[in-house]
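# A closer look at the structure
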Amino acid sequence: MTHQGSEFDRACAALIGMAVGDALGMPSQTLSRGDIMRHYGQITDFMPPIDDHPVSHGLAAAKVTDDTEQTLLLAARLIQGDGLLDETLWAQDLIAWEADVRDRGLRDLLGPSTKAALEAMLAGTDPAHTGRNGTTNGAAMRITPVGISTHLTPMTSLIDQVERACRLTHNTGEAIAAACAVAAVVSSGIAGADFRSSLPLAIDAAKLGQQRGYPEGHSDMAQKITKAIALAGSGVSVQEFADKIETSVASHESVPAAFGVVLLAGGDPWKAAVIAANIGDDTDTIGAISGAMAGACIGCSGFPVEKVEQVRRANPLAIEQIATNLLALRHRVGSSTPVADGVAI
């Protein structure tokens, strides 16, 4: 039982929203909007993927994907490290996770940026350089635990924590800025803010995050997110929004899209998940990010109870325990953590 509007309620809702958005978008990920309509019609509930789906084959309705599994993996690593991320152990976690996915006969493996970074690390590359080309959304998709476990102020501390979580696989301005924007909304929501009032903070966080890492990828994520916010608020259709913002695995497309999706849904996390599931391309990640942000900003009361229960039945999700442990970090870890070469010491 959660107390509506409390930090705990919103932390649980961020994790639940991530899982719900991920699971609803699972059968449509990588598919175009036309193919989604052809295969499923309009997705309004959890369903299994089409036969021989290129990524989701083998998953049942309401099952989550790499978005949720890697997010919970990062949460566990942060909790075990008392808020500090050991990059060697984090790399081992990701490698072991992919091995487990293969053992389960599934196809939803590591994303391109994460895969390349881990291969480079195994070949002896310094972790400071392994993520120098990582511009995809893998860092943003799993950043929610950092937002839950870290206060928004001082913002530089939040940016430091996000950078640490990104560095191994996505050490670029584009990816770090995108993850910072998402983490800022989640952290702001945990503190009691609604989604709209969190948006200026997300833009500020993106600007600061853009200065971190290697200057690869899109050079102004704050501008991309601002554009998506403005477009979503202009009364356009979901199709026109998707056509103009685009929805690929690139951080500069899918992360701004997630911000717009929450606005198109009026802040409702279930409606956001439905929009994301039908928007095309990286539907599960857009659903996971938008669900996490919307959930953090509204709490558990924003979700249909039966949909949450369906996802819980399909997946082993220790939501309450993880939320409790992440909030303990939020209140225990100091506002400033020493850093050497981008790694907590």
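Residues numbered from 1 in each chain as written. Predicted model: local features only at pLDDT ≥ 70, side-chain atom pairs only at ≥ 80, totals over all residues. Heavy atoms only, no water.

Glancing now at the overall build of the protein. Scanning the protein from terminus to terminus reveals 18 helices and 2 strands. Relative to a compact globule of 345 residues, whose C-alpha radius of gyration would be 20 Å, the protein shows 18 Å and is just as compact. Going through the 345 residues of the protein one by one, you find that 59% of them count as buried. At a minimum sequence separation of 6, the contacts of the protein that also span at least 24 residues come to 74%. Surface summary for the protein: the accessible area is close to 12700 Å², and the carbon and sulfur share equals 53%. Computed over 25 positive and 39 negative side-chain charges, the inter-centroid distance for the protein is 2 Å. (Helix = DSSP H or I, 4+ residues; strand = E, 2+ residues; numbered from the N terminus. Rg over C-alpha atoms; globule rule 2.2 N^0.38 Å. Buried < 20%, exposed > 50% of the residue type's maximum accessible area, 1.4 Å probe, protein only. Contact = heavy atoms within 4.5 Å. Areas by Shrake-Rupley, 256 points an atom, 1.4 Å probe, with all protein chains shown as cover. Lys, Arg positive; Asp, Glu negative; His and termini not counted. Charge placed at Lys NZ, Arg CZ, Asp CG, Glu CD.)

The biggest cluster of nonpolar side chains holds 104 residues, and the ones touching the most others in it are I148, V162, V182, F195, F241, F259 and M293. Of the residues forming this core, the biggest block, 12 residues, is contributed by helix α10 (residues 173-190). Not counting residues within four places of it along the chain, the set of residues in contact with V162 comprises I143, V146, I176, A179, C180 and A183. (Core = buried A, V, L, I, M, F, W, Y, C linked by side-chain atoms within 4.5 Å.)

Tallied over the full model, the rule gives 2 aromatic pairs. Centroid distance F46 to W270: 5.7 Å. Interplanar angle 70 degrees. Geometry classified as edge-to-face. Taken together, the residues F46 in the loop between α2 (33-40) and α3 (66-80) and W270 in helix α15 (residues 269-278) connect sequence positions 224 residues apart. The exposure class assigned to F46 is buried, which follows from its relative accessible area of 7%. Centroid distance F195 to F259: 6.2 Å. Interplanar angle 40 degrees. Geometry classified as tilted. (Phe/Tyr/Trp six-rings, centres within 6.5 Å; stacked < 30°, edge-to-face > 60°.)

What follows concerns the state of the cysteines. Within this structure, the stated rule accounts for 0 disulfides. Unpaired in terms of disulfides, C166 finds its nearest cysteine sulfur in C180, a separation of 6.5 Å. In this model C297 remains outside any disulfide bridge; the closest cysteine sulfur is found in C300, 13 Å from its own. (Disulfide = S-S within 2.5 Å.)

A few words now on the environment of G213. With respect to the secondary-structure elements, G213 resides in the loop between α11 (195-210) and α12 (221-232). Counting along the chain gives 41 residues from G213 to T172, while the straight-line C-alpha distance between them is 4.5 Å. Residues within four places of G213 in sequence aside, it is in contact with E163, N171, T172, G173 and I176.

So, on to the pattern of salt bridges. Applying the stated criterion to the full structure yields 11 salt bridges. The residue D93 makes a salt bridge to R77 at a minimum N-O spacing of 2.8 Å. With a gap of 16 residues between them, D93 in helix α4 (residues 87-103) and R77 in helix α3 connect regions that are remote in the sequence. Relative accessible area serves as the criterion here: at 10%, R77 is assigned to the buried category. The partner of D82 in a salt bridge is R332, and the shortest N-O contact between them spans 3.2 Å. Of this pair, D82 sits in the loop between α3 and α4 while R332 sits in helix α18 (residues 319-332), placing them 250 residues apart in sequence. Given the relative accessible area of 48%, D82 is considered partly exposed. Connected via shared salt-bridge partners are D160, E163 and R212. (Salt bridge = Lys/Arg side-chain N within 4 Å of Asp/Glu carboxyl O.)

Within the fold, G302 resides in the loop between α16 (283-298) and α17 (305-314). Excluding anything up to four places from it in sequence, G302 contacts D268 and P269.

Put simply, T153 and P154 share a cis peptide bond, and its omega is -5 degrees. With respect to the secondary-structure elements, P154 resides in the loop between α8 (144-149) and α9 (155-167). Residue T30 is not a glycine yet carries a positive backbone phi of 75 degrees. Of note, T30 is situated in the loop between α1 (7-25) and α2. The phi dihedral of E246 falls on the positive side, at around 75 degrees, and the residue is not glycine.

This part is about the confidence of the model for the protein. Close reading of the predicted structure is inappropriate where its pLDDT is low. This prediction gives the protein a mean pLDDT of 92; 93% of its residues lie at or above 70. In the model, residues 334-345 has pLDDT below 50 throughout and makes 22 contacts with residues more than four positions away in sequence or in other chains. (pLDDT = per-residue confidence, 0-100.)

A word on α4. With 17 residues, α4 should reach 24 Å at 1.5 Å per residue; the first-to-last C-alpha distance of 24 Å fits that figure. With a side-chain oxygen lying 3.0 Å from the backbone nitrogen of T88, the N-terminal cap of α4 falls on D86. (Expected span 1.5 Å × (residues − 1). Polar contact = N/O pair within 3.5 Å; in protein donor to acceptor, adjacent residues only side chain to side chain.)

What follows deals with α17. Residues of α17 that are buried: K307, V308 and V311. When α17 is viewed along its axis, its buried side chains cluster within an angular range of 100 degrees and face the same direction. Turned more than 90 degrees away from the buried face of α17, the exposed residues are V305 and R313. Buried-residue contacts for α17 involve α1 and α15. (Arc of directions from axis to C-beta.)

Here the focus is the side chain of T65. Relative to the assigned elements, T65 resides in the loop between α2 and α3. Take T65: its relative accessible area is 2%, and that puts it in the buried class. Polar side-chain contacts of T65 include one of 3.1 Å to the side chain of D66.

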